[in-house]
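Here are the chains, one letter per residue:
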Amino acid sequence: MFSADLLARAENLLATARSAGVRIATAESCTGGLIAALLTEIAGASDVFGRGFVTYSNKAKEDMLGVPAATLRQYGAVSEAVARIMAEGAIRNSTAQLSVAVTGIAGPGGGTEEKPVGLVHIAVARAGEPTLHRECRFGDIGRGPIRLASVSAALEMLQSLV
């Protein structure tokens, strides 16, 4: 399912987090649980990865991660503000010290001039530290490739904070 490179990077992330005593949670929208699936592809991940939130709908983002409806209305689900709140909500609603959140437009439809297909916002939160954000513009390269590129970028960001 995942490339050897992604699997190796996930294994390295888990090992680094394990050594640091850090637990990880995920909050995913456009990736639909792919980050959690990648991490749990590695045997023994449960001592580092405790839970993932797949919050595809706005209602799920509100209910599970505490994203305010007003923020969703003001900025839209695909925004820096929502990604940051999702990442922070994953920490609040888990035993993790580190989380990643992904929200974007994987296509093929749903894009606009302002928010085109391939726009993805990723946020990484670590308890007690400022939440980091990265905006990715992968372009209209196809749904699967956008989702996998998002997973790769999320792993990179997680690794930077372990």
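For the structure, check the block above.
In this report, the structure presented in the accompanying data block is examined. (Residues numbered from 1 in each chain as written. Predicted model: local features only at pLDDT ≥ 70, side-chain atom pairs only at ≥ 80, totals over all residues. Heavy atoms only, no water.)

## Brief notes about the overall build of the protein chain
Link 1 in the chain: Each helix and strand counted, the protein chain has six helices and five strands in total.
Link 2 in the chain: Element order for the protein chain, N to C, with α for helix and β for strand: α-β-α-β-α-α-α-β-β-β-α.
Link 3 in the chain: Taking 15 Å as the expected radius of gyration for a compact globule of 162 residues, we find that the protein chain reaches 15 Å, a close match to that expectation.
Link 4 in the chain: Projecting the C-alpha coordinates of the protein chain onto the three principal axes gives extents of approximately 45 × 30 × 20 Å.
Link 5 in the chain: Out of the 162 residues in the protein chain, the part that is buried amounts to 48%. (Helix = DSSP H or I, 4+ residues; strand = E, 2+ residues; numbered from the N terminus. Rg over C-alpha atoms; globule rule 2.2 N^0.38 Å. Buried < 20%, exposed > 50% of the residue type's maximum accessible area, 1.4 Å probe, protein only.)

## Let's talk about the environment of alanine 27
Link 1 in the chain: Checked against the element boundaries, alanine 27 lands in strand E1 (residues 24-28).
Link 2 in the chain: Overall, the relative accessible area of 0% leaves alanine 27 in the buried class.
Link 3 in the chain: Taking the C-alpha atoms as reference points, alanine 27 and methionine 157, 130 residues apart in sequence, are found 14 Å from one another.

## Observations concerning the sheet that holds E1
Link 1 in the chain: On the basis of which strands lie adjacent, the open sheet formed by five strands has the order E2-E1-E3-E4-E5 and mixed pairing. A single partner strand is all that each edge strand has here, and the edge strands are strand E2 (49-54) and strand E5 (132-137). Strand-to-strand twist in this sheet, taken as the mean axis angle between neighbours without regard to direction, amounts to 15°.
Link 2 in the chain: With five bridges joining them, E1 and strand E3 (residues 98-104) adopt parallel strand pairing. Bridged to alanine 27 within E3 is alanine 101. (Pairing = 2+ DSSP bridges. Axes fitted to C-alpha atoms, helices over the stretch in contact; angles between N-to-C directions.)

In short, shape yes, function no, at least from these values alone.
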